[in-house]
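Report on the structure
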Amino acid sequence: MKKLFFLLAFLGISTYSYTYSGGSPSGNSGSLGDNGSTCASAYCHGGGSASGNEVIAITSPNDSLSNGNHFQVALGVKPNGSSTKVGFMASVEDANGTQLATSNPGTGAKNVGDYITHTSSGTSVSNDSIYWTFDVDGTTFPDSITVYAA
């Protein structure tokens, strides 16, 4: 009986530790539509908080935004030596918190509904940086668009 209990306890710990290694659960991008919820509030992992030394960059060409097209967003993180693995959850919303559709996740990223998150193989930092890309689709783009990432 003791051996069985130990095995079950070990499996429970292992399952919890790696539950979201393949991507964050939806609704944790820190956006208005997510009520500010992030991976930290969703208990995605127990790896601790960011150290504050990280540099996060979100870039997209402003001149290519036109109705009926898509535009690419690049999300990059430079952990500055504080981590060897980094994940994310991102969403793109208008000023009212309405989510825009995303597609074409690049290497190491995947769609979860209209969210974008990391894959299990897309978290390894190389040369103290990591980045992901994805497209934002729209038949009609609003006047204001915000990319949220946690």
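In what follows, the accompanying structure is described. (Residues numbered from 1 in each chain as written. Predicted model: local features only at pLDDT ≥ 70, side-chain atom pairs only at ≥ 80, totals over all residues. Heavy atoms only, no water.)

**Observations regarding the pattern of salt bridges**
- With the rule as written, the count across this model stands at one salt bridge.
- As a salt-bridge pair, Asp-128 and Lys-78 come within 3.3 Å of each other at their nearest N and O atoms. With Asp-128 in the loop between β6 (115-118) and β7 (130-137) and Lys-78 in strand β2 (residues 70-78), this residue pair connects regions lying 50 residues apart in the sequence.
- Here Lys-78 falls in the partly exposed class, since its relative accessible area comes to 37%. (Salt bridge = Lys/Arg side-chain N within 4 Å of Asp/Glu carboxyl O. Helix = DSSP H or I, 4+ residues; strand = E, 2+ residues; numbered from the N terminus. Buried < 20%, exposed > 50% of the residue type's maximum accessible area, 1.4 Å probe, protein only.)

**Things to note about the side chain of Glu-93**
- Position of Glu-93 among the secondary structure elements: in strand β3 (residues 89-94).
- At a separation of 3.5 Å, a polar atom in the side chain of Glu-93 contacts the side chain of Ser-91.
- For Glu-93, the contacting residues outside a window of four places in its chain are Ser-31, Leu-32, Gly-33, Asp-34, Thr-98, Gln-99, Ser-144, Ile-145, Thr-146 and Tyr-148. (Polar contact = N/O pair within 3.5 Å; in protein donor to acceptor, adjacent residues only side chain to side chain. Contact = heavy atoms within 4.5 Å.)

**Details of the pairing of β3**
- Here β3 lies mainly inside the structure; six of its six residues are buried.
- Side-chain alternation along β3 places Met-89, Ser-91 and Glu-93 on one buried face and Ala-90, Val-92 and Asp-94 on a second face that is also buried.
- Sheet topology places β3 next to strand β8 (residues 145-149); five bridges connect them, and they run antiparallel. Bridge pairing links Glu-93 to Thr-146 in β8. (Pairing = 2+ DSSP bridges.)

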